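If you want the building blocks of each chain, they are given just below.
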Amino acid sequence: METEAQKTRTGSCLCSGVQFEGRLKDNHVEACHCSMCRKWSAGPVIATPLDFDSVKFKSDSSLAWYKSSEWAERGFCSQCGSNLFYRLQDPEAKLLICMVGALDDDSDLHMERHICVDGKPDYYEFADDTPRLTSEELFAESS
Ligand SMILES: [Zn+2]
Ligand SMILES: [Zn+2]
């Protein structure tokens, strides 16, 4: 029996210039409220890591990457502007995070936590009671 996270999911940008499939690492999503994510997507980013080796592109003709920091790049469609991926520049890291809105089926996913909440403005609030980490707490966790 495959778990829900292990099933192969399909995803695309708004214009379908980018079409991909792959499995998720788990069925949890994380919301990032940092100023970079909010500038990039016009709101908080809700995303989930893909199982790196399972990812295949059916079309990537309009997929473009923006180097947003010394270590990371953000993938988007150069045709329709959809925000799609976040990855580390080091391919050895095998990290590819997918913006959940790009998935065709995200109905069974659950919020795991919120990160960089110190970057969140006061005009919105999520109603779930999952953990809220500041960027400092997140940094402490990963180092
Ligand atoms: Zn597109
Ligand atoms: Zn962020």
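Up top you'll find the structure we're talking about.
Residues numbered from 1 in each chain as written. Chains lettered and ligands numbered in written order. Predicted model: local features only at pLDDT ≥ 70, side-chain atom pairs only at ≥ 80, totals over all residues. Heavy atoms only, no water.

A.B. asks: Quick one: what's the story with the coordination of the zinc ion (ligand 2), residue by residue and with numbers?
C.D. replies: Those donors, Cys32 (SG), Cys34 (SG) and Cys37 (SG), are the protein atoms that reach the zinc ion (ligand 2), and they lie 2.2 to 2.3 Å from it. Within one chain, the residues donating to the zinc ion (ligand 2) are spaced in sequence as C-x1-C-x2-C. Both residues of the pair, Cys32 and Cys34, belong to the buried class. (Donors = N, O, S within 2.8 Å, 3.2 Å for Na, K, Ca; no water. Buried < 20%, exposed > 50% of the residue type's maximum accessible area, 1.4 Å probe, protein only.)

A.B. asks: Please provide a residue-by-residue account of the coordination of the zinc ion (ligand 1), values included.
C.D. replies: Surrounding the zinc ion (ligand 1) are the protein donor atoms Cys13 (SG), Cys15 (SG), Cys77 (SG) and Cys80 (SG), at 2.3 Å. Around the zinc ion (ligand 1) sit four donor atoms; with metal-centred angles ranging over 105 to 114 degrees, the donor geometry is tetrahedral. For Cys77, a relative accessible area of 1% gives the class buried. (Tetrahedral: all angles 85-135°; square planar, octahedral: opposite > 155°, others 65-115°.)

A.B. asks: Outline the sheet that holds strand β4 (residues 45-49), supporting the account with residue identities and numerical values.
C.D. replies: Spatially, eight strands are ordered β6-β7-β8-β9-β4-β3-β10-β11 in an open sheet, and the strand pairing comes out mixed. Edge positions in the open sheet fall to β6 (63-67) and β11 (132-133), since each of these has one partner strand only. Where β4 meets strand β9 (residues 96-99), three bridges bridge the pair, whose relative direction is antiparallel. Counted as the bridge partner of Thr48 is Cys98 from β9. (Pairing = 2+ DSSP bridges. Helix = DSSP H or I, 4+ residues; strand = E, 2+ residues; numbered from the N terminus.)

A.B. asks: Kindly report on the pairing of β4, identifying the contributing residues and their values.
C.D. replies: Examined bridge by bridge, strand β3 (residues 28-32) and β4 share three bridges and lie antiparallel to one another. What sits directly across from Cys32, in β4, is Val45.

A.B. asks: How would you explain the environment of Gln6 if you had to name every residue and give the values?
C.D. replies: In this structure, Gln6 sits in the segment before β1 (9-12). Each C-alpha atom of the pair Gln6 and Cys37 lies 27 Å from the other, and the pair is 31 residues apart in sequence.

A.B. asks: Describe the packing of aromatic side chains, with residues and values.
C.D. replies: Aromatic ring pairs are defined here through the distance separating the ring centres and the angle between the ring planes. Going through the model one piece at a time under the given rule, you end up with six aromatic pairs. Arranged with centres 6.2 Å apart and planes meeting at 50 degrees, the rings of Phe20 and Phe57 form a pair that is tilted. Here the residue Phe20 occupies a position in strand β2 (residues 18-22), and Phe57 occupies one in strand β5 (residues 56-60), the gap between them amounting to 37 residues. We classify Phe20 as buried; its relative accessible area is 4%. Ring centres of Trp65 and Phe85 lie 6.1 Å apart, and the angle between their planes is 25 degrees; on these two criteria the pair is classed as stacked. Separated by 20 residues along the polypeptide, Trp65 in strand β6 and Phe85 in strand β8 (residues 83-88) bring together distant segments of the chain. (Phe/Tyr/Trp six-rings, centres within 6.5 Å; stacked < 30°, edge-to-face > 60°.)

These values are about where atoms sit, not about what they do.
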